[in-house]
Amino acid sequence: MVKFIITGVWACVVALGAVYGSVWMATRPAPDPAATEKAQQEYVKGESINIPVIANEQVTGYFLTTISFMMDKDKAKDLKVPLTQLTTDELFSLLVGNKMIDLSHTSNFNLAAFRDDIKKNMNERLGGEYVESVLVEQLDYLSKDEVRANDAAPVKKNLKPVKIVPGDPVPADAKAPAH
């Protein structure tokens, strides 16, 4: 008789737990798709890269760049390719080879097209959709004459490069992977 009562109480507890769980699941708010997508992304910090600007077969200045990426976490952990070298090569291609920036008209620079080109070309080189978005943290220009004048000066001053674009903020919750 006692076993029968204990079995009945156990069945009631399980039934009430199941009803409570189903009501809780049905009434909770749906997850935010943007938050879910953001949770799947990983911030990959870029290095500061200096790219020479070549005109008339001479170096006329330098682009100072820092490009970082938001990448798919699952795909990025399996990546064995050195991103820094690929990014440097891509920036050389876009800034020196294609001359995307006209230094006499920096206000005409199309940042969205620049980001799209980097994303598209990096994904092609990596062989999949690894790069979700491109963060241009720094894109400045420093002329060769300014560098020379500063080197020759007895007291070095802080050089003020020409800002091509304002830098993208690094996501607050982004952490670089511990590779």
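Everything that follows concerns the structure shown earlier in this document.
Residues numbered from 1 in each chain as written. Predicted model: local features only at pLDDT ≥ 70, side-chain atom pairs only at ≥ 80, totals over all residues. Heavy atoms only, no water.

Here we look at the overall build of the protein chain
- Along its length, the protein chain carries six helices and five strands.
- Ordered by position in the sequence, the α and β elements of the protein chain form the string α-α-β-β-β-α-α-α-β-α-β.
- Taking all 179 residues of the protein chain together, the buried fraction comes to 29%.
- For the protein chain, long-range pairs separated by at least 24 residues make up 69% of all intrachain contacts whose partners lie at least 6 apart in sequence. (Helix = DSSP H or I, 4+ residues; strand = E, 2+ residues; numbered from the N terminus. Buried < 20%, exposed > 50% of the residue type's maximum accessible area, 1.4 Å probe, protein only. Contact = heavy atoms within 4.5 Å.)

Let's talk about unusual backbone geometry
- A positive phi angle, near 60°, is found at E57, a position not held by glycine.
- Take E57: its relative accessible area is 80%, and that puts it in the exposed class.

Looking at the packing of aromatic side chains
- Within this structure, the stated rule accounts for one aromatic pair.
- Relative to Y141, the ring of F63 has its centre 5.9 Å away and its plane inclined at 65°; by these criteria the two rings are edge-to-face. Of the two residues, F63 is situated in strand 3 (residues 58-72) and Y141 in strand 4 (residues 131-143); the sequence distance between them amounts to 78 residues. (Phe/Tyr/Trp six-rings, centres within 6.5 Å; stacked < 30°, edge-to-face > 60°.)

Some points on helix 5 (residues 111-126)
- Look at helix 5: 22 Å from first C-alpha to last across 16 residues, which is about the 22 Å you get at 1.5 Å a residue.
- The set of residues buried in helix 5 consists of L111, F114, I118, N121, M122, N123 and L126.
- Sitting at the head of helix 5, N110 places a side-chain oxygen 3.3 Å from the backbone nitrogen of A112. (Expected span 1.5 Å × (residues − 1). Polar contact = N/O pair within 3.5 Å; in protein donor to acceptor, adjacent residues only side chain to side chain.)

Overview of the pairing of strand 3
- In terms of burial, strand 3 is a largely internal element, eleven of the 15 residues being buried.
- Of the strand pairs in this sheet, strand 1 (residues 41-44) and strand 3 are connected by four bridges, and their pairing is antiparallel. Paired with E42 across the bridge in strand 3 is M71.
- Hairpin geometry of strand 2 (residues 48-55) and strand 3 is characterised by an intervening segment of two residues between the two adjacent antiparallel strands and by a positive phi of about 55° at N56.
- As defined by bridge partners, strand 3 adjoins strand 4 across eleven bridges and the pair is classed as antiparallel. (Pairing = 2+ DSSP bridges.)

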